[in-house]
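Residue strings, one per chain:
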Number of protein chains: 2
Amino acid sequence: MEVWRINLHERSFSREATPAAWQRLGGRGLLARILLDEVPPTCDPLGSRNKLIFAPGLLVGHKLSSCDRISAGAKSPLTGGVKESNAGGSTGLQLTYLGIKALIIEGQPSGEDWLILRLDSQGVHFEPAGDVVGKGIYASAEELRRRYGTRAAIALIGPAGEMRLTAAGIVNLDKDGVPSRINARGGLGAVMGSKRIKAIVIDGLQGKAPPIQDEKAFRAAQREFTKALMAHPQTATYRDFSTAGIVHMCNLFGALPTRNFSQGQFELAEQISGENLRSILLERGGKADPSHACMVGCGIRCSNVYADQNGEVIVSPIEYETIGLMGSNLGIGSLDEIARLNYKVNDLGLDSIDTGAALGVAAEAGLMKFGDAQSAHRLLEEVEKATPLGRLLGCGAAVTGKVLGVRRVPAVKGQAISAYDPRAIKGTGVTYATSPQGADHTAGLTIRAKINHLDPQGQVEVSRTAQINMAGYDTLGACIFAGFGFAAAPHTIRDLLNARYGWNVDETILQQLGKETLQLEREFNRRAGFTSAHDRLPEWMCEEALPPNRCVFDVDEREMDGLFDG
Amino acid sequence: MEVWRINLHERSFSREATPAAWQRLGGRGLLARILLDEVPPTCDPLGSRNKLIFAPGLLVGHKLSSCDRISAGAKSPLTGGVKESNAGGSTGLQLTYLGIKALIIEGQPSGEDWLILRLDSQGVHFEPAGDVVGKGIYASAEELRRRYGTRAAIALIGPAGEMRLTAAGIVNLDKDGVPSRINARGGLGAVMGSKRIKAIVIDGLQGKAPPIQDEKAFRAAQREFTKALMAHPQTATYRDFSTAGIVHMCNLFGALPTRNFSQGQFELAEQISGENLRSILLERGGKADPSHACMVGCGIRCSNVYADQNGEVIVSPIEYETIGLMGSNLGIGSLDEIARLNYKVNDLGLDSIDTGAALGVAAEAGLMKFGDAQSAHRLLEEVEKATPLGRLLGCGAAVTGKVLGVRRVPAVKGQAISAYDPRAIKGTGVTYATSPQGADHTAGLTIRAKINHLDPQGQVEVSRTAQINMAGYDTLGACIFAGFGFAAAPHTIRDLLNARYGWNVDETILQQLGKETLQLEREFNRRAGFTSAHDRLPEWMCEEALPPNRCVFDVDEREMDGLFDG
C-alpha cells in the first residue's frame, strides 16, 4: 500500500512508499499521525498549508461487513483542531483497490479554476470541473457519473463546500451510486473547496483488492465476525428501524433534542420514530426500502430509501441524527418534511447536524418558526443564494449563535452537539466535552451503557471506554455498528489484522489503536492551542435544567480533565 | 477608596473596603487582578458569571493633565480573554469623587427590563431605563442629561450594546457632556447589554477629590510633569493635528491600512491627513475646533470638533484610528465622509476599529464598494436594522471574515488590527500578536522607536518595552500621550504616587506596575485556554507581501514566545 501525494500548486503527483511509522495505522489514526507529522497545527485551515487527507481504515478493501469506511481529515475550519470524519459508500473500497493507504492533497492551485481529480491505476489526472461547478450534490453526481461512468467511486462537494462554509461536508456515493454517505462533520467540504476540488473520481475497479497474508485465516475470522454480528439483536433492530430505531429510547431518556435543546422529550416522537419510519416505507412500497446497505457486503443494512406516497425517492437515507436535529430540534414532527429538508441539506453538501442545530438557533432568534418546515426551507434557500444569512447558517450553530446573540447554542469546540442531549445522557456529554473532535456522538456514545445516565458519577469512565473503542473502530474503518459483532467476538479483530498484514497483535489491539489515535489527536490539538479550558460543555447546559428530568450537566470538571490520563 | 459592588440578580449593592492585594493597583492592573480573583476564566462572557468592572487608574481624581482615564473591563466576548479598554472623559474623575476604586457589576437581572444605575454619595439607585432604550448614543445621552442634569458623568451603550454585538463599546461623556470617549475595544458594550444596563450615571460632584497624603509634594511633581509634557514637541503636534497627525508618517512607512490591508499607502493620504484636518477646521470655523480637550485639565488637547461647511458639528472627535480603518481601509479619501461614518458608528455604540475592519472585509466580499461611502453607510444601516448581516458586521472583522469566506482578515485573538499594518511596523505586529488584549495598538505602539521597522530583528524587545510601559500607564489612568511628559521626567510618576498614597516606591514603579499587570492578564488568559498558539498574526500576513515595501510579517515565532519571559 502506498501514499499518493498531490500538490495542487504544482499540479504534481507522486507515489511514495508508506513510511514505517504510518504502516500500523489506518483511517482515523493514520490521519492524526499525518496531520501531526505534516500540517502546522496553527495554520489557517482554509489556507495553503492545510492538507486534505483520505485514508481507508486498516480493514478496508475486503467487503467485510460494515468495514469499508473512508476517513477524511484535515485541520478543521469549524473547530480549529484535528478533524476526522468517516463515511460508508464505495470510496474507501476503491481507494484500496488502487493500493492507496493515504491520499494526501496539498497546497492550493494558483488559478481560479475548479478541478476534478481522477485517480486510476495510472495515477492522478487533473481535469477541469467545467459546468458541474455551482451545481447541487445530486445534479453534480449525475453529471459526473455520466462523464466518468457509473462504476467509479466519487467524493464530491456541493455549493456549501464551494462557498467554503464551515459546516460543509464531503459526499460519497453509496454502493448503488447515490450520493448519500457523508464525511459530514467539521467542515472538510470547505477544506476541499479551499483547494478548488469539486470532486475526486476513483476508478478503483481497474485495480484489485489489497493483498492478504493469510487468506484462510482471514476468511475464518471473517466468518466468525459475521456470525457474531448477525446474531446480535441490535443488528436486526437497525435493519428494521434504521438508526431511527433510537428515537424512542432517546425520547424515553428525555434526551431527544427538542426546539433548540430546550426540551428533552418531543410530543410527536412517535411520528418520527423508527417504527413509524418502517411502517411508512413498507406501506408506500415502490422505491421505498427500509433496509438498505450503503456498502457492498454490509449485513446490517441500517440505511434506507425514503419515498413519497407514489413510491418515488425523496431522500436516501434518512438517519436518526437528521431526524433529531432537523426534526424534533426544529419542532417538526413529520418524516416527510424532515426527508425533504434532508434532501436539501444533502444537495447543498452541508452537515445536517450542524445545519439543523444552526436552524434551531435561528428559530430561537426568531428567523424561523419552530414546527414550520416551510420556514426552515426558506432559510436553506438563503444558503443556496449565498446571502450573508445563508452563509452564516452554513457556518454552523456556534457562529450562528454568536452572531444572532443566542445564548442557548449546542456546540463544543465550535461543533454542534448531536442528537443526544448531554444533560440527560451524561457520559455522552463527557465525550462531547473532551473529544479532540469537538461535540460528536460517534466519538463515544454511551446511551447503551447500563448505568443511570442522569448520575454524574461514573460517566467519565464510561466515556473513556467508549472513546477509546470508537477511535479504534475508526482506525480499522469499521462502522460504529460493526462494533456489535466485534464486541461479541473481540479476538476476530486480532485475527483479521494478523491474517491481513502478517502481524502478531493481541486481543487488546482495538484499545491500543484507540489510545494511540486519541493521543496523536490530543497532541495536534495541544499544538493548535487547545487546553482543558476547551474541554467543556456550554455554560448554559450546566445552568439550565432540561425538562422533563430537570437535569443539568454536572459531571466534575477535574474528573473530566483526568479522562485521558494513564 | 472603596469597592462598590452591584448584584443585578438581587438588585443589591454593597460598599466594601478595598482588599489589601488590590490597594496598590488601579485601572487596567486592578481590572486584571479582580478578573483573576473573581471571574471564572472559562465562563460565557455574556452569561451571568462574567462581571463588568470599572476602575479609575491610580492617578485619577486630581485633574492631572491627561491622567483621569477610566478603565472598563470584563472577560471579552470578542476575544474570549481578559479585556481592559480605557477612555477619557469625566467618568473616571467622578467615580473617584465618590471614593470608588472599583465598581463591580455582577450577575444578570432576572427580568427583561433595562436599567439605569445611578451612583451618588448615597450609593446606587436602580432606575428603569424607560424610553431611552433602543435609542442611539446621541439621543440617549441627550435624554439622560435632561433627566439627570448636565453635570453628571455618564457611561452608556447604544443599540449595538443592547443587541450584544461583540464589537460594541461603552461611551462616556467628555468634559463638555458630549458622548465621545469610548471604551471601544473587545465588546464591553455587549457585556453591559447582557446585564441589561443602558447607562451608568455618576453624580460625582456630590463628592470630592480623593485625599492626597502630601499635597505639597504632589503639586510640585504635578508642575514638573506638566512642564515636561508641555515642553515635548509631540504635545504641540497632537494639539495642532490631533491623532491624525500620524497619517503622513504611517503612509510614509507604507503602513497605512488601505483597501482591507491590501496596500500600505493610500493615494489620497494627503486629504485625510492631520494637516488637512487642521486647515479644514480652521477654515470652517463656527463650532469647528482643531484642539479640544476631552478631560478637564488636559494640556495636550488632541481631540477635535469636526464641523461641516456651515460650522455645524458633524462629529467630535475624528481620530486617526477611525481615519485609518473607515477611511483609507475602505478606500475613502474624504474627511467629511469619514466624519459622517464616524458619527454613525458612534451613534450605534460600535468600535470604529473593529467595525471599519469588518466593512473592509465586507468590501472584499463584494458587499460594498471601496471608496463608496454611501455603500458603507448602507451597511451600517443594516446594523441599525438588526438584520443578520448587520449583526454580523457588528460582531467585528474576525467573525465577518469567517462567515463571508474572506481570508484577508486583519485580526488577532478575534480582535481587529488597528491602523498600523504590522508587516511594515513589525514591533507593533509583535504587540498585536502577543498582547493578552488581542490586536491593539494602545497595548504597545512602536512606530516612534528609532529602528528599521521592516527589519524582523530587535522588534520583540521594542514591543516588550512598549507593552510594559503601556500596561503601566493604563494602570495609572494616564493617557498614552501623557507618556511624552512622563518619559521625559520619569521620577514624577514615583513622586506623584508617593505623595498621593504615602507610598515609598522608586523610579521603576511604572515598569513594575506594567509587568505585574501583564502577568495577571496572561494568567487569566492561560486559565481561559490561551497558549502561545494564539500569539500569532493571521497566516496571510506572513505570506502576502504588502505594497509598496513588499514586506511580510516575519518576526521569529520562538522569539515572540519568549517575549514575556523574565
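What counts, and where the lines are drawn
Residues numbered from 1 in each chain as written. Chains lettered and ligands numbered in written order. Predicted model: local features only at pLDDT ≥ 70, side-chain atom pairs only at ≥ 80, totals over all residues. Heavy atoms only, no water. Helix = DSSP H or I, 4+ residues; strand = E, 2+ residues; numbered from the N terminus. Contact = heavy atoms within 4.5 Å. Areas by Shrake-Rupley, 256 points an atom, 1.4 Å probe, with all protein chains shown as cover. Lys, Arg positive; Asp, Glu negative; His and termini not counted. Charge placed at Lys NZ, Arg CZ, Asp CG, Glu CD. Pairing = 2+ DSSP bridges. Axes fitted to C-alpha atoms, helices over the stretch in contact; angles between N-to-C directions. Expected span 1.5 Å × (residues − 1). Buried < 20%, exposed > 50% of the residue type's maximum accessible area, 1.4 Å probe, protein only. Parallel < 35°, antiparallel > 145°, perpendicular 65-115°, else oblique. Nonpolar A, V, L, I, M, F, W, Y, C, P; charged D, E, K, R; others polar. Salt bridge = Lys/Arg side-chain N within 4 Å of Asp/Glu carboxyl O.

1. Considerations on the overall build of chain A
Step number 1: Looking only at helices and strands, chain A features 22 helices and 17 strands.
Step number 2: Across chain A, contacts joining residues at least 24 apart in sequence account for 70% of those joining residues at least 6 apart.
Step number 3: For chain A, the accessible area works out to roughly 17800 Å², and carbon and sulfur atoms hold 48% of it.
Step number 4: Of the charged side chains in chain A, 61 are positive and 64 negative, and the gap between their average positions amounts to 2 Å.

2. Examining the sheet that holds strand β14 (residues 303–307) of chain A
Residues and elements named next belong to chain A.
Step number 1: With antiparallel pairing, three strands are arranged side by side in an open sheet as β13-β14-β15. A single partner strand is all that each edge strand has here, and the edge strands are β13 (289–292) and β15 (313–315). Neighbour to neighbour, the strand axes of the sheet diverge by 40° on average, direction disregarded.
Step number 2: Across the sheet, helix α10 (residues 274–284) touches β13 and β14, and the angle it forms with β14 is around 60°.

3. Thoughts on the pairing of strand β2 (residues 12–17) of chain A
All names here are of chain A.
Step number 1: Sheet analysis places strand β1 (residues 2–7) next to β2, joined by six bridges and oriented antiparallel. Directly across from Arg5, in β2, lies its bridge partner Ser14.
Step number 2: The turn linking β1 back onto β2 is made up of four residues, and Arg11 within it adopts a positive phi angle of 50°.

4. A few points about helix α12 (residues 335–348) of chain B
Residues and elements named next belong to chain B.
Step number 1: Taking 1.5 Å per residue, 14 residues should reach 20 Å; α12 reaches 20 Å between its end C-alpha atoms and fits that length.
Step number 2: Counting buried residues in α12 gives 11 out of 14 residues, a clear majority hidden from the surface.
Step number 3: Among the residues of α12, Leu335, Asp336, Ile338, Ala339, Leu341, Asn342, Lys344, Val345, Asn346, Asp347 and Leu348 are the ones counted as buried.
Step number 4: Gly349, located one to two residues past α12, shows a positive phi value of around 80°.

5. Brief notes about the sheet that holds strand β6 (residues 100–106) of chain B
All names here are of chain B.
Step number 1: Pairing within the open sheet is mixed, and its six strands lie in the order β2-β1-β6-β3-β4-β5. This sheet does not close on itself; its edge strands, each paired only once, are β2 (12–17) and β5 (82–87). Geometrically, the sheet is characterised by an average inter-axis angle of 20° between neighbouring strands, direction not taken into account.
Step number 2: Relative to β5, strand β4 (residues 70–75) runs antiparallel, the two sharing six bridges.

6. Here's the deal with the packing of helix α2 (residues 27–38) of chain A against helix α18 (residues 459–476) of chain A
Residues and elements named next belong to chain A.
Step number 1: Relative orientation of the contacting elements α2 and α18 amounts to 90°, with a least axis distance of 4 Å. In terms of their interaxial angle, α2 and α18 are classed as roughly perpendicular. Across the interface between the two elements, Gly27, Arg28 and Gly29 of α2 pack against Met470, Ala471, Asp474 and Thr475 of α18.
Step number 2: Counted by class, the contact of α2 with α18 contains two nonpolar, three polar and two charged residues.

7. Some remarks on the pattern of salt bridges
Residues and elements named next belong to chain A.
Step number 1: The final tally for this structure, using the stated rule, is 91 salt bridges over all chains.
Step number 2: Residue Glu112 pairs with Arg196 through a salt bridge whose shortest N-O separation is 3.8 Å. Taken together, the residues span a long stretch of sequence, with Glu112 in the loop between β6 (100–106) and β7 (115–120) and Arg196 in the loop between α6 (188–194) and β12 (197–202) at a distance of 84 residues.
Step number 3: Its relative accessible area of 61% is what places Glu112 among the exposed residues.
Step number 4: In this structure, Asp240 engages Arg239 in a salt bridge whose closest nitrogen and oxygen atoms are separated by 3.1 Å.
Step number 5: The exposure class of Asp240 is buried, given its relative accessible area of 19%.

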